[in-house]
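Take a look at the letters that make up each chain.
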Amino acid sequence: EDKVVQSPLSLVVHEGDTVTLNCSYEVTNFRSLLWYKQEKKAPTFLFMLTSSGIEKKSGRLSSILDKKELSSILNITATQTGDSAIYLCAAPGAGSYQLTFGKGTKLSVIP
Amino acid sequence: NAGVTQTPKFRILKIGQSMTLQCTQDMNHNYMYWYRQDPGMGLKLIYYSVGAGITDKGEVPNGYNVSRSTTEDFPLRLELAAPSQTSVYFCASSYSAGGYYNEQFFGPGTRLTVL
């Protein structure tokens, strides 16, 4: 059974801090790993990672995949209150396009 | 483009009632999905479809049915609603071809309460 595990499950930081969110996976026939941000409503896509060691970056957010360690991290630098959200990690399973999601990391950024 | 739209936004059902959650996408995506999200539990796949006329069960299909008569629409039917179906339901779509996986786009969700 495919599994995606995120840690920590929740995190409270002050504005300006840098945070690292973790995602580990056990997925048959791994192809990619995705990060989503979920505020009050629908998850919105952040990154898709397919190659180990190549960082993807968007503003203050960046993510990298480590296929050897079966894991990925999502970094957010200089956090802002608008970064408060649940961050979801997911991976498609073997032979299909179904996504297996982790439980998410709830990030709260306080002023 | 409206993307993925879902109706209704909220609904309260009594135990045993039935309803259909509507989902439409205008991106000409071939793949569509229904997820449910319970607090602290991430998203669980209910059903998915790889094209019109083709559907398959996901991780938690019991108590639900789907159909896909057109590329755009993927309704989810709840028969005999139970309190355990209280959840937030998300529809999503993606375009996949030649074995290459693309990201899924999500609708705004339907919050369903069964009392």
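The notes below deal with the structure included here. (Residues numbered from 1 in each chain as written. Chains lettered and ligands numbered in written order. Predicted model: local features only at pLDDT ≥ 70, side-chain atom pairs only at ≥ 80, totals over all residues. Heavy atoms only, no water.)

Remarks on the overall build of chain A
No. 1: In terms of helices and strands, chain A carries 0 helices and 11 strands.
No. 2: The N-to-C order of helical and strand elements in chain A reads β-β-β-β-β-β-β-β-β-β-β.
No. 3: On C-alpha atoms alone, chain A measures out to a radius of gyration of 13 Å, which is about the 13 Å that the 2.2 N^0.38 rule sets for 111 residues.
No. 4: By its C-alpha atoms, chain A is 45 × 30 × 20 Å across when sized along the principal axes. (Helix = DSSP H or I, 4+ residues; strand = E, 2+ residues; numbered from the N terminus. Rg over C-alpha atoms; globule rule 2.2 N^0.38 Å.)

So, the packing of aromatic side chains
No. 1: Under the counting rule described, the total for this entry stands at 11 aromatic pairs over all chains.
No. 2: Between Phe101(A) and Tyr35(B), the ring centres sit 5.5 Å apart and the planes meet at 90 degrees, which makes this aromatic pair edge-to-face. Here Phe101(A), found in strand β10 (residues 99-101), pairs with Tyr35(B), found in strand β4 (residues 31-37), and the two come from separate chains.
No. 3: Since its relative accessible area comes to 0%, Tyr35(B) is described here as buried.
No. 4: On the numbers, 6.2 Å between centres and 25 degrees between planes, the contact of Tyr33(B) with Tyr35(B) is stacked.
No. 5: Within the aromatic cluster, the residues linked to one another by ring pairs are Tyr36(A), Phe45(A), Phe101(A), Tyr31(B), Tyr33(B), Tyr35(B), Phe90(B) and Phe106(B). (Phe/Tyr/Trp six-rings, centres within 6.5 Å; stacked < 30°, edge-to-face > 60°. Buried < 20%, exposed > 50% of the residue type's maximum accessible area, 1.4 Å probe, protein only.)

Observations regarding the nonpolar core
No. 1: Counting 22 residues, the largest nonpolar core has Tyr25(A), Leu33(A), Trp35(A), Tyr87(A) and Leu107(A) as its most contacted members.
No. 2: Elements supplying a minimum of two residues to this core: β3 (19-26), β4 (33-38), β5 (43-49), β7 (61-66), β8 (71-76), β9 (85-92) and β11 (105-110) of chain A.
No. 3: Here Tyr25(A) is in contact with Lys3(A), Val4(A), Phe30(A), Leu33(A), Leu65(A), Asp66(A), Lys67(A), Leu70(A) and Ser71(A), once residues within four sequence places are set aside.
No. 4: One finds Met19(B), Tyr64(B), Leu76(B) and Val114(B) within the second-largest nonpolar core, a separate group that totals 19 residues. (Core = buried A, V, L, I, M, F, W, Y, C linked by side-chain atoms within 4.5 Å. Contact = heavy atoms within 4.5 Å.)

Some words on the interface of chain B and chain A
No. 1: Residue-level contacts link 22 residues of chain B with 19 residues of chain A.
No. 2: Summing both partners gives a buried area of about 1,800 Å² for chain B against chain A, and 64% of it is carried by carbon and sulfur.
No. 3: Applying the counting criterion to the chain B and chain A interface returns 2 residue pairs in polar contact (both at pLDDT 80 or more).
No. 4: Residue contributions to the side of chain B that touches chain A peak at 4 residues, all from β4(B).
No. 5: Considered class by class, the residues forming the side of chain B that touches chain A number 12 nonpolar, 9 polar and 1 charged. (Buried area = accessible area lost by both parts, 1.4 Å probe. Polar contact = N/O pair within 3.5 Å; in protein donor to acceptor, adjacent residues only side chain to side chain. Nonpolar A, V, L, I, M, F, W, Y, C, P; charged D, E, K, R; others polar.)

Focus on the pairing of strand β11 (residues 110-114) of chain B
All names here are of chain B.
No. 1: Only one face of β11 is buried: it carries Thr110, Leu112 and Val114, and the other face, with Arg111 and Thr113, is open.
No. 2: Summarising the sheet, strand β2 (residues 10-13) and β11 pair through 4 bridges and their orientation is parallel. Each residue of the ladder has a partner; that of Leu13, found in β11, is Val114. (Pairing = 2+ DSSP bridges.)

A few points about the pattern of salt bridges
No. 1: Considering all chains together, one arrives at 5 salt bridges over all chains under this definition.
No. 2: Between Lys37(A) and Glu39(A) there is a salt bridge, and its shortest N-O distance comes to 3.9 Å. (Salt bridge = Lys/Arg side-chain N within 4 Å of Asp/Glu carboxyl O.)

Describing the state of the cysteines
No. 1: Within this structure, the stated rule accounts for 2 disulfides over all chains.
No. 2: Between the sulfur atoms of Cys23(A) and its disulfide mate Cys89(A) the distance is 1.9 Å. Here the S-S torsion is close to -70 degrees, and the disulfide linking Cys23(A) with Cys89(A) is therefore left-handed. Taken together, the residues Cys23(A) in strand β3 and Cys89(A) in strand β9 connect sequence positions 66 residues apart. No difference in accessibility class separates Cys23(A) from Cys89(A), as the two residues are buried.
No. 3: Bridging Cys23(B) to Cys91(B), the disulfide has an S-S length of 1.8 Å. Sign of the S-S torsion, about -70 degrees for the bond between Cys23(B) and Cys91(B), identifies this disulfide as left-handed. (Disulfide = S-S within 2.5 Å.)

Details of the side chain of Ser62(A)
All names here are of chain A.
No. 1: Within the secondary structure, Ser62 sits in strand β7.
No. 2: On the basis of relative accessibility, which here comes to 8%, the residue Ser62 falls in the buried class.
No. 3: Reaching out from Ser62, the side chain makes a polar contact with the side chain of Glu55 at a distance of 3.4 Å.
No. 4: Contact partners of Ser62, with chain neighbours within four places excluded, come to Phe47, Glu55, Lys56, Lys57, Ile73, Leu74 and Asn75.

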